[in-house]
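Structural overview for review
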Amino acid sequence: MSKFSNLLRMIILLRSNGKMKISDISRELQVDERMVRKYKKDLELANVYIESTTGSNGGY
């Protein structure tokens, strides 16, 4: 899929599922975990902020 569609799917996933781990998002989008982190940065550049939590129960 295109980057734009993955960004939109990521927003939809987070809105519908609440907090998700990066590994779960990457599995749903079929991309590397590194790409999920890049997508988060890209969304923040577009003023779409995604809260992240660290630790064993962390996620976006």
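In what follows, the structure referred to is the one given above.
A brief structural summary. The numbering scheme is per chain: residues are counted from 1 as the chain's sequence reads. Local features in a predicted model are, by the rule used here, given only for residues with pLDDT of at least 70; side-chain atom pairs are given and counted only at 80 or more, and totals for whole chains, interfaces and linings are based on all residues. The side-chain figures draw on all heavy atoms in the structure; neither hydrogens nor water molecules are used.

Topic: the environment of Lys40
A helix here means a DSSP run of H or I that spans at least four residues, while a strand means a run of E at least two residues long, and both kinds are numbered starting from the N terminus. Relative to the helices and strands, Lys40 is located in helix α3 (residues 33–45). Between the C-alpha atoms of Lys40 and Leu8, which are 32 residues apart in sequence, the distance is 11 Å.

Digging into the packing of helix α1 (residues 3–17) against helix α2 (residues 22–29)
Axis lines are fitted through C-alpha atoms, for helices just across the contact stretch, and the angle between N-to-C directions can take any value from 0 to 180 degrees. At a minimum axis distance of 10 Å, the contact between α1 and α2 shows a crossing angle of 130°. Overall, the two elements α1 and α2 adopt an arrangement that is oblique. α1 and α2 meet at a crossing whose hand is right-handed. Judged by residue contacts, Asn6, Arg9, Met10, Leu13 and Leu14 of α1 engage Ile25, Glu28 and Leu29 from α2. The labels follow the angle: roughly parallel below 35 degrees, roughly antiparallel above 145, roughly perpendicular from 65 to 115, and oblique for the rest. Two helices cross in a left-handed way if the nearer one is turned anticlockwise from the farther one by less than a right angle. They cross in a right-handed way if the turn is clockwise. The criterion used for residue contact is that any of the two residues' heavy atoms lie within 4.5 Å.

Side note on the nonpolar core
Burial of nonpolar side chains together is a common tendency in soluble globular proteins. Met10, Leu14, Ile25, Leu29, Val36, Ile50 and Tyr60 are the most contacted members of the largest nonpolar core, which has 13 residues in total. Considering each element in turn, this core owes the most residues, four residues, to α1. Residue types Ala, Val, Leu, Ile, Met, Phe, Trp, Tyr and Cys, when buried and joined through side-chain atoms within 4.5 Å, form a set referred to as a nonpolar core. Buried residues are those whose accessible area, probed at 1.4 Å on protein chains only, stays under 20% of the maximum for their type, while exposed residues exceed 50% and partly exposed ones sit between those limits.

Section: the pattern of salt bridges
In the sections that follow, a salt bridge refers to a side-chain nitrogen of Lys or Arg positioned within 4 Å of a carboxyl oxygen of Asp or Glu. The tally for this structure, following the rule as stated, stands at four salt bridges. With a closest N to O distance of 2.8 Å, Lys3 and Asp42 form a salt bridge. One end of the pair, Lys3, is in helix α1; the other, Asp42, is in helix α3, and 39 residues separate them in sequence. Across the pair Asp42 and Lys38 runs a salt bridge whose closest N-O atoms are separated by 3.4 Å. Of this pair, Asp42 and Lys38 both sit in helix α3, four residues apart, which is roughly one turn of that helix. For Asp42, a relative accessible area of 17% gives the class buried. Three or more residues are tied together by salt bridges with common partners; here these are Lys3, Lys38 and Asp42.

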